[in-house]
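# Chain and residue survey
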Amino acid sequence: MKRKASDCTERTIAMSEENPEAQPTSAMPEGDTEAQPTTAIVVLGEAMFFKPHAYIISITLFLKEQFKDALDQMAVHDSLDTMHVVVKTSDLENLYDTEAIKEFYPYLKAGAEFQVHVIAGENETSGEEDAIVVRTSLVLGGLRFKDQALGGDGSRIVTATKPGKDDLIEEDEDEDEDEDEDES
C-alpha cells in the first residue's frame, strides 16, 4: 500500500528564549504503532531553514542549554539511523554543547551515522579548531570518528558512527588473529 505524505509521521519543534518550554508536536495519532522517525536534524541558531519531511525529526534551537534535551519526547531509543547537527561557525562556541552528544547516543541504532555540519557564514571559514572541538565531542560521546570533509564554501562535515554488532565481530576477529600469531 502506498502512503501519502500526509499519512506519514512528521515532527517538528522550535525552541527559543521566548518559548524555552516548547513541547514537540506530532502528526502521528496517539497510540499509533507506525514506524518511528529514523532521522533527526538539529539546527543550532540560524544556520539554515529546514522544512521537515515524513520520518524526519527537525528541531531548531537557540539556547545551548536546550541542545542536550533536543530528542527528549521526540525519539525512542535505538530508532535513528542518522542524526545531523547543523551550526554556523560563528555559533559553535555559543550553541554547540560538547557534553550533549552522550545524551543522543541511546537514540541511535548500532551503526548509525552522526554528522555535524559546521557551516561557514559570510566571510567565514570553519577552521581546524572547529573540527577538533566537534571530533573530540563525538568520540567522548561514545561514537567512532569516521570522516571529515571540507566543503568548497569553507564549511566542514564531521562524521562519526555508533559502534555496532559488526564492530564487535571485527574486534573479535582481530583478537583471534593476534592470538594465532602469538602461538606461532
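Everything that follows concerns the structure shown earlier in this document.
Structure report, in brief. Just so it is clear, the structure is predicted and the values come from calculations on it, not from any experiment.

### As for the overall build of the chain
Secondary structure assignment for the chain yields 4 helices and 8 strands. Each helix and strand of the chain, placed in order from N terminus to C terminus, yields the pattern β-β-β-β-β-α-α-β-α-β-β-α. Counting over 184 residues, the chain shows a buried share of 42%. Counting contacts in the chain only where the partners sit at least 6 residues apart, residues at least 24 apart contribute 66% of the total. For the chain, the exposed surface amounts to about 10700 Å²; the carbon and sulfur share of it is 48%.

### So, the environment of Ile119
Topologically, Ile119 is positioned in strand E6 (residues 108-119). For Ile119, a relative accessible area of 24% translates into the label partly exposed. Taking C-alpha positions, Ile119 is 5.9 Å from Val87, a pair spaced 32 residues apart along the chain.

### So, the environment of Ile132
Mapped onto the secondary structure, Ile132 falls in helix H3 (residues 128-140). Relative accessible area serves as the criterion here: at 41%, Ile132 is assigned to the partly exposed category. Along the primary structure Ile132 and Val158 are separated by 26 residues, whereas in three dimensions their C-alpha atoms are 9.5 Å apart.

### Some thoughts on the nonpolar core
Most often, soluble globular proteins have nonpolar side chains that are buried together. Among the nonpolar cores identified, the biggest contains 33 residues, and Phe67, Tyr96, Phe114 and Leu138 are the most heavily contacted of them. At the level of elements, strand E3 (39-44), strand E4 (56-61), strand E5 (80-88), helix H1 (92-95), helix H2 (101-104), E6, H3 and strand E8 (156-161) are the ones that each hand at least two residues to this core. Broken down by element, this core gets its largest block of residues, 5 residues, from E6. Setting aside residues no more than four positions away along its own chain, Phe114 makes contact with Met83, Val85, Ile101, Phe104, Leu108, Leu138, Leu143, Val158, Thr159 and Ala160.

### Structural notes on the pairing of E6
Two elements, E5 and E6, share 8 bridges in a ladder whose sense is parallel. Among the inter-strand pairings, Val86 is bridged to a residue of E6, identified as His117. Taken together, the 6 bridges between E6 and E8 define a ladder with antiparallel strand orientation. Along E8, the bridge assignment pairs Glu113 with Thr161.

Thresholds, definitions, all that
- Residues numbered from 1 in each chain as written.
- Predicted model: local features only at pLDDT ≥ 70, side-chain atom pairs only at ≥ 80, totals over all residues.
- Heavy atoms only, no water.
- Helix = DSSP H or I, 4+ residues; strand = E, 2+ residues; numbered from the N terminus.
- Buried < 20%, exposed > 50% of the residue type's maximum accessible area, 1.4 Å probe, protein only.
- Contact = heavy atoms within 4.5 Å.
- Areas by Shrake-Rupley, 256 points an atom, 1.4 Å probe, with all protein chains shown as cover.
- Core = buried A, V, L, I, M, F, W, Y, C linked by side-chain atoms within 4.5 Å.
- Pairing = 2+ DSSP bridges.

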